[in-house]
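Below are the chains, spelled out letter by letter.
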Amino acid sequence: MMRLLLILCVLAAPVWAVQPDEVLNDPALEARARALSKDLRCLVCRNESIDESNAELARDLRILVRERLVEGDSDPQVIDYVVARYGEFVLLRPLSGGSNMVLWLTGPAAFFIVLLFAAIYVRRRSSTGSQAAIELSSDEQKRLTEILKD
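All of the points below concern the structure found in this document.

The helix and strand inventory of the protein stands at six helices and zero strands. Seen in sequence order, the protein has helices and strands lined up from the N terminus as α-α-α-α-α-α. In the protein, which comprises 150 residues, the share counted as buried stands at 23%. A separation threshold of at least 6 residues defines the contact pool for the protein, and within that pool the share at least 24 residues apart is 51%. Just so you have it, the protein exposes about 11200 Å², and 63% of that area is on carbon and sulfur atoms.

Pasting the structure below:
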């Protein structure tokens, strides 16, 4: 029974992150704020959204998002404002365009380059192995035969 209670408390922890004094009176604006908060990274916790984090900075960001929504900003405007203030690192799902495209393509490109070099290495290795067997002199061939008979 204690384990079940502990598991439920751990699973419910993100629910406690948003404080009652942060919640907006308008349910539509609150739903938008919660949706935006789930896409923004807590700069203290690293891999938690500000919606899940109990850190003071996450609380400040949640309040900032709600203030921007109350002022009439659209969702993209709120995201742009937060990114302009804190950088792209604040996004849990980074942008895949612009200079980030280099980061997105570097891994697969490196993988294919390594595959190409491995194929070239294996091909050269197999061709030099067969040439070495062909290049044995008659004396060497006799000596090899004697060694294999023993």
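Moving on, we get to helix 2 (residues 27-37). Buried within helix 2 we find Leu29, Glu30, Ala33, Leu36 and Ser37. For helix 2, the angular spread of the buried residues around the axis is 125°, confining them to a single face. Where helix 2 is buried, its residues meet helix 3 (56-70) and helix 4 (75-86).

Within the largest apolar cluster, 18 residues are counted, with the highest numbers of intra-cluster contacts made by Leu36, Leu40, Ile50, Val65, Leu69, Ile79 and Val82. Tallying contributions element by element places helix 3 first for this core, with five residues. Apart from residues no more than four positions distant in its own chain, Ile50 is found in contact with Ser37, Leu40, Arg41, Cys42, Ala58, Leu61, Arg62 and Val65.

We now examine a nonpolar patch on the surface. A cluster of nonpolar side chains, contributed by Ile113, Leu116, Phe117 and Ile120, occupies part of the molecular surface with about 390 Å² of accessible area. By relative accessible area, which is 35% here, Ile120 ends up partly exposed.

Counting through the fold element by element, Ser96 comes out in the loop between helix 4 and helix 5 (100-134). When residues no more than four places from it in sequence are discounted, the contact partners of Ser96 are Met101 and Trp104.

What the rule picks out here adds up to one aromatic pair. When the ring of Phe111 is compared with that of Phe112, the centres are 5.6 Å apart and the planes differ by 65°; the resulting orientation is edge-to-face. With a relative accessible area of 55%, Phe112 lands in the exposed category. Geometry around Phe89 places Arg41 over its ring, the cationic atom sitting 4.6 Å from the centre. The aromatic ring of Tyr81 is capped on one face by Arg68, whose charged end is 4.0 Å from the ring centroid.

For the pair helix 3 and helix 4, the least separation of the axes is 10 Å and the interaxial angle reads 140°. Overall, the two elements helix 3 and helix 4 adopt an arrangement that is oblique. As helix 3 packs across helix 4, the resulting crossing turns out to be right-handed. Residue-level inspection shows Leu57, Leu61, Leu64, Val65, Arg68 and Leu69 of helix 3 in contact with helix 4, the latter providing Asp75, Val78, Tyr81, Val82, Arg85 and Tyr86. Taken together, the residues of the contact of helix 3 with helix 4 break down into nine nonpolar, no polar and three charged.

Turning to the pattern of salt bridges, a few remarks are in order. Counting across every chain of the model gives seven salt bridges. For Arg66, the salt bridge goes to Glu30, with nearest N and O atoms at 2.7 Å. Taken together, the residues Arg66 in helix 3 and Glu30 in helix 2 connect sequence positions 36 residues apart. Here the two residues Arg66 and Glu30 agree in accessibility, since each one is buried. One salt bridge in this structure joins Arg68 and Asp73, with 2.7 Å as the shortest N-O distance. The exposure classification of Arg68 matches that of Asp73, with both residues buried. Salt bridges linked by common partners bring Arg68, Glu71 and Asp73 together as one network.

What counts as what
- Residues numbered from 1 in each chain as written.
- Predicted model: local features only at pLDDT ≥ 70, side-chain atom pairs only at ≥ 80, totals over all residues.
- Heavy atoms only, no water.
- Helix = DSSP H or I, 4+ residues; strand = E, 2+ residues; numbered from the N terminus.
- Buried < 20%, exposed > 50% of the residue type's maximum accessible area, 1.4 Å probe, protein only.
- Contact = heavy atoms within 4.5 Å.
- Areas by Shrake-Rupley, 256 points an atom, 1.4 Å probe, with all protein chains shown as cover.
- Arc of directions from axis to C-beta.
- Core = buried A, V, L, I, M, F, W, Y, C linked by side-chain atoms within 4.5 Å.
- Patch = residues over 30% accessible without salt bridge, like charges linked within 9 Å, V, L, I, M, F, W, Y side chains within 5 Å.
- Salt bridge = Lys/Arg side-chain N within 4 Å of Asp/Glu carboxyl O.
- Phe/Tyr/Trp six-rings, centres within 6.5 Å; stacked < 30°, edge-to-face > 60°.
- Lys NZ or Arg CZ within 6 Å of the ring centre and 35° of its normal.
- Axes fitted to C-alpha atoms, helices over the stretch in contact; angles between N-to-C directions.
- Parallel < 35°, antiparallel > 145°, perpendicular 65-115°, else oblique.
- Left-handed = near helix turned anticlockwise from the far one by under 90°.
- Nonpolar A, V, L, I, M, F, W, Y, C, P; charged D, E, K, R; others polar.

By themselves these figures say nothing about function.
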